[in-house]
Amino acid sequence: MRSLSLHVEGDTVALNGEMTFSTVTAALNQSNNLFGREGELQVDLKGVARVDSAGVSLLLEWFRRMEQQRRKISFLNVPHALQRLARIGGVATLLSIDAER
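Anyway, here's the lowdown on the structure attached to this text. All figures in this text were calculated on a predicted structure; none of them were measured in a lab. (Residues numbered from 1 in each chain as written. Predicted model: local features only at pLDDT ≥ 70, side-chain atom pairs only at ≥ 80, totals over all residues. Heavy atoms only, no water.)

**Some words on helix 3 (residues 80-88)**
Turn by turn, an α-helix covers 3.6 residues, leaving residues three or four places apart pointing in a common direction.
Here is step 1 of the chain: For helix 3, the set of buried residues is Leu82, Gln83 and Ala86. Looking straight down helix 3, one finds that the buried residues subtend no more than 105 degrees of arc, so they occupy a single side. Along helix 3, exposed side chains directed more than 90 degrees from the buried face belong to His80 and Ile88.
Here is step 2 of the chain: Against strand 3 (41-51) and helix 2 (53-68) lie the buried residues of helix 3.
Here is step 3 of the chain: Downstream of helix 3 by a residue or two, Gly90 has a phi angle that is positive, lying close to 75 degrees. (Buried < 20%, exposed > 50% of the residue type's maximum accessible area, 1.4 Å probe, protein only. Helix = DSSP H or I, 4+ residues; strand = E, 2+ residues; numbered from the N terminus. Arc of directions from axis to C-beta. Contact = heavy atoms within 4.5 Å.)

Written as structure tokens, this is what we have:
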């Protein structure tokens, strides 16, 4: 697959593909227009097929940008692999994706 697409509909961004070192930089560049708005942002991760630590870094960057704007961001349908990586990295609670172990 080796790609990651962002589909924006209202205040929801749906991610599809792989959240890996080879895809997150392009996704970060594509997401710049999400941060000049108002209101909450929901990120639906249901379509994520593969993830590595770069995927966690992408979510942390989005979280940081939203926090700077005093906006809320929510992560929905977080894949188990991403939950594990966030727990290992100690950021699951920060990102509000701390799920059952």
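Further notes follow.
**Remarks on unusual backbone geometry**
Here is step 1 of the chain: With a phi close to 55 degrees, Arg70 is a non-glycine residue in the positive phi region.
Here is step 2 of the chain: Along the chain, Arg70 falls in the loop between helix 2 and strand 4 (73-76).
Here is step 3 of the chain: With a phi close to 55 degrees, Asn77 is a non-glycine residue in the positive phi region.
Here is step 4 of the chain: Along the chain, Asn77 falls in the loop between strand 4 and helix 3.

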